[in-house]
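The chain contents come next:
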Amino acid sequence: MPKSLLRSRPSLRNSIIIGMLLVITLVSIGFTYAVRAAFDQLEYELLDQRLMAELAEFKEAYQYDPSISLVSWGGLKRYRLRPNTDDEVPADLRGLTPGTPAHVLLEGREHLAGAVTLGATRLFVALDIAAVPAIEASLLSRMGGFLLLGYALALLLGWITVSRVSRPLAELAAQVAQADPVQSRPPVPPSAAPREVSEIAEAFNLFMLRMRQFIERERAFTDDAGHELRTPLAVI
């Protein structure tokens, strides 16, 4: 077969490496999606738990002291709405269903808010979560960096592994190209190659042995025929 045709065919090394790249890419995409989904779920659960805890604490403190301060701190805002009073409560909070967290905009920033009823009074707590997307993006970018590093390491290890696997095949091809069916020793000497490659070498050696036996029979037949032809000629 022409060497140009052989070169046009994809090599085993490249095929394995491309396959590994596809597998690694699919695994990375699936892992990233799973981590993102788990992060979002955990984020919402933690925020909801904190909001419910803040509401319970606010309700308990308000029951103990109705004149408790409504000072906001650390992204946490507290509001109360008493009947027949002019308590300042944002309109987006007034429509909240007690016990059900909801996302609202307060002062142009996203908050997770909840409400609880205490008699005729309604208490509200709002958590500033505007910075959460930035934190999430930072974590995802770090995770992406680790994934790229793992991708590069996997590619390097895959290249080394494929090279070690394909080297015996290349050596076998070189030995087969130099094999002489007339020589007495095995055309392909045994080596420390993997079992599969050794089996190919042994099968080729058996083929070459049969070829050598065939050539020897042909030589013997030619010698005998030549001897038979020379004898009558010598008598004449």
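Heads up: these notes are all about the structure in this document. (Residues numbered from 1 in each chain as written. Predicted model: local features only at pLDDT ≥ 70, side-chain atom pairs only at ≥ 80, totals over all residues. Heavy atoms only, no water.)

So, the overall build of the protein
Stated precisely, the cut-off is as follows: Runs of E in the DSSP output that reach at least two residues are strands. Runs of H or I that reach at least four are helices, and both are numbered from the N terminus. Contacts are assigned to residue pairs that have any heavy atoms within 4.5 Å of one another. Only the protein chains shown count as covering a residue, and every accessible area follows the Shrake-Rupley method with a 1.4 Å probe.
The helix and strand inventory of the protein stands at five helices and four strands. Across the protein, helices and strands are ordered from the amino to the carboxyl terminus as α-α-β-α-β-β-β-α-α. Sequence-distant contacts in the protein: of pairs separated by 6 or more residues, those separated by 24 or more amount to 56%. Surface exposure of the protein reaches about 16,300 Å², of which carbon and sulfur atoms provide 64%.

As for the environment of S198
Along the chain, the position of S198 falls in helix 5 (residues 195–235). Along the sequence, S198 and P168 sit 30 residues apart, while their C-alpha atoms lie 9.1 Å from each other.

Some remarks on unusual backbone geometry
In plain terms, the rule: Residue exposure (1.4 Å probe, protein chains only): buried if accessible area is under 20% of the type maximum, exposed if over 50%, otherwise partly exposed.
Although it is not a glycine, N84 adopts a positive phi angle of roughly 60°. Of the residues examined, N84 reaches a relative accessible area of 84% and is grouped as exposed. Backbone geometry places E107, a non-glycine residue, at a positive phi of 55°. You can see E107 is positioned in the loop between strand 2 (102–106) and strand 3 (109–118).

Quick word on the pattern of salt bridges
The test is simple: A side-chain nitrogen of Lys or Arg and a carboxyl oxygen of Asp or Glu constitute a salt bridge if their distance falls within 4 Å.
As enumerated under the stated definition, the model contains two salt bridges in all. Between E54 and R50 there is a salt bridge, with the nearest N and O atoms lying 4.0 Å from each other. Remark: R50 and E54 occur in helix 2 (residues 12–64); sequence separation between them is four residues, near one turn of the helix. According to the relative accessible area criterion, E54 is buried, its value standing at 14%.

As for the nonpolar core
How we decide: What makes a nonpolar core is a set of buried Ala, Val, Leu, Ile, Met, Phe, Trp, Tyr and Cys residues whose side-chain atoms join them at distances within 4.5 Å.
Formed by 15 residues in total, the largest nonpolar core has its most connected members in L51 and V125. If you list the elements that add at least two residues to this core, you get helix 2, strand 3 and strand 4 (121–128). Judged by nonpolar contacts, the second largest core, of 11 residues, contains Y79, L81, L106 and A126.

Notes on the pairing of strand 3
Put simply, side chains in a regular strand alternate between the two faces of the sheet. Just so we agree on the cut-off: Strand pairing is assigned whenever DSSP identifies at least 2 bridges connecting the two strands.
When you tally the buried positions in strand 3, you get seven out of 10 residues, the bulk of the element. Adjacent in sequence and paired antiparallel, strand 2 and strand 3 are bridged by two residues, among which E107 carries a positive phi angle near 55°. Strand direction decides the pairing type here: strand 3 and strand 4, joined by eight bridges, are antiparallel. Bridging across to strand 4, H111 finds its partner in D128. In sequence, strand 3 turns back onto strand 4 through a hairpin of two residues, with G119 there showing a positive phi of about 70°.

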